[in-house]
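Take a look at the letters that make up each chain.
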Amino acid sequence: GNSVTQMEGPVTLSEEAFLTINCTYTATGYPSLFWYVQYPGEGLQLLLKATKADDKGSNKGFEATYRKETTSFHLEKGSVQVSDSAVYFCALKNRDDKIIFGKGTRLHILP
Amino acid sequence: GAVVSQHPSWVICKSGTSVKIECRSLDFQATTMFWYRQFPKQSLMLMATSNEGSKATYEQGVEKDKFLINHASLTLSTLTVTSAHPEDSSFYICSVHVTDTQYFGPGTRLTVL
């Protein structure tokens, strides 16, 4: 079946540090891949997405590349800010439109 | 993107009572909406797919008689937690599917005493 595995948190970094949150997936066919972010006290927001192999999604300085050969969609940001503190969810969607989420990674950015 | 609202944002109820949660798509007509459940510090688990004009489709392990879903119109889906118990306390989130992207509501926190 479909599944998403992402690195356990929490992840604590200093401001301006480089961020990587690993995500790998298992799926039949060719899923679309997403990163969602949940800020404290708020609902889920779409951060970025990629719909086919080698696509790169990007938004707010975050990037992730759809790697079919390694079934990965790692999230990266070159210089994090305190305002990036949130929970990040990697997710996939197959043709049935159902979203399968990873367990989430809590990110703390220290000033 | 699509705007999705939920009402109420939080609710506290006594064990044995029923609670209704509304999900509205404010600027998009949705034939399909999804209901998720999120436990503290855990991921979202899909509960059911709400279909306008027909019965909802429930995920394995979700009791359809306990979690009643009604998709009354193209902009409104409701989830009713019947005879709620403390183990039903959770964060319930709905979403609307729009062109390969899902937009999520802000969630409803249910606490059953």
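A quick note: this is a predicted structure, and the numbers were derived from the prediction, not measured.

> What exactly am I supposed to notice about the pattern of salt bridges here?
When the charged atoms of two side chains with opposite charge come close together, those side chains can pair. Using the criterion set out here, one finds 6 salt bridges over all chains in the structure. Notably, a salt bridge pairs Lys 56 of chain A with Glu 63 of chain A, separated by 3.6 Å at the nearest N-O pair. Glu 63 of chain A sits in the partly exposed class, given a relative accessible area of 34%. Here Asp 88 of chain B makes a salt bridge to Lys 66 of chain B, at a shortest N to O gap of 2.9 Å. A residue pair is termed long-range when its members are at least 10 positions apart, and Asp 88 of chain B in the loop between β8 (76-81) and β9 (90-98) and Lys 66 of chain B in the loop between β6 (57-58) and β7 (67-73) qualify at 22 residues. Both residues of the pair, Asp 88 of chain B and Lys 66 of chain B, count as buried.

> Just to check I follow, could you spell out the sheet that holds β7 of chain B for this structure?
Two orientations exist for strands paired in a sheet by backbone hydrogen bonds: parallel and antiparallel. All names here are of chain B. Spatially, β1-β3-β8-β7 is the arrangement adopted by the 4 strands of the open sheet, whose pairing is antiparallel. Pairing within the sheet leaves two strands with one partner each, and these edge strands are β1 (4-7) and β7. Geometrically, the sheet is characterised by an average inter-axis angle of 20 degrees between neighbouring strands, direction not taken into account. Two elements, β7 and β8, share 5 bridges in a ladder whose sense is antiparallel. Bridge pairing in β8 links Leu 68 to Thr 80.

> Explanation requested: the state of the cysteines in the structure shown.
Two cysteines joined by a covalent bond between their sulfur atoms form a disulfide. Enumeration over the complete set of coordinates arrives at 2 disulfides over all chains. The disulfide that involves Cys 23 of chain A links it to Cys 90 of chain A, with 1.9 Å between the sulfurs. Taking the sign of the S-S torsion, -70 degrees for the link of Cys 23 of chain A and Cys 90 of chain A, the bridge is left-handed. Of this pair, Cys 23 of chain A sits in strand β4 (residues 23-26) while Cys 90 of chain A is found in strand β10 (residues 86-93), placing the two residues 67 residues apart along the sequence. By relative accessible area, Cys 23 of chain A is classed as buried at 1%. On the basis of relative accessibility, which here comes to 1%, the residue Cys 90 of chain A falls in the buried class. The partner cysteine of Cys 23 of chain B in its disulfide is Cys 94 of chain B, sulfur to sulfur 2.0 Å. Here Cys 23 of chain B and Cys 94 of chain B share a disulfide; its torsion about the S-S bond, 80 degrees, makes the bridge right-handed. Here Cys 23 of chain B, found in strand β3 (residues 19-25), pairs with Cys 94 of chain B, found in strand β9; they are 71 residues apart in sequence, far enough to count as distant. Each of the two residues, Cys 23 of chain B as well as Cys 94 of chain B, counts as buried. Cysteine Cys 13 of chain B is unpaired, with the sulfur of Cys 94 of chain B as its nearest cysteine sulfur at 19 Å.

> Mind showing me how you'd approach the interface of chain A and chain B here?
Often, the extent of an interface is quoted as the loss of accessible area on bringing the components together. Between chain A and chain B, the residue contacts involve 18 residues of the former and 19 residues of the latter. Carbon and sulfur atoms supply 54% of the area that chain A and chain B bury against each other, a total of about 1400 Å² over both sides. Contact with chain B buries area across many residues of chain A, yet Leu 44, Lys 98 and Phe 101 of chain A alone supply 31% of it, more than any other trio. Where chain A packs against chain B, one counts 1 salt bridge. A salt bridge links Glu 59 of chain B to Lys 98 of chain A; its shortest N-O distance comes to 2.8 Å. For the pair chain A and chain B, the interface holds 4 residue pairs in polar contact (both at pLDDT 80 or more). Of all the secondary structure elements, the ones that give two or more residues to the side of chain A that touches chain B are β5 (32-38), β6 (44-50), β10 and β11 (99-101) of chain A. At 4 residues, the largest contribution of residues to the side of chain A that touches chain B is made by β5 of chain A.

Rules behind the numbers
- Residues numbered from 1 in each chain as written.
- Chains lettered and ligands numbered in written order.
- Predicted model: local features only at pLDDT ≥ 70, side-chain atom pairs only at ≥ 80, totals over all residues.
- Heavy atoms only, no water.
- Salt bridge = Lys/Arg side-chain N within 4 Å of Asp/Glu carboxyl O.
- Buried < 20%, exposed > 50% of the residue type's maximum accessible area, 1.4 Å probe, protein only.
- Helix = DSSP H or I, 4+ residues; strand = E, 2+ residues; numbered from the N terminus.
- Pairing = 2+ DSSP bridges.
- Axes fitted to C-alpha atoms, helices over the stretch in contact; angles between N-to-C directions.
- Disulfide = S-S within 2.5 Å.
- Contact = heavy atoms within 4.5 Å.
- Buried area = accessible area lost by both parts, 1.4 Å probe.
- Polar contact = N/O pair within 3.5 Å; in protein donor to acceptor, adjacent residues only side chain to side chain.

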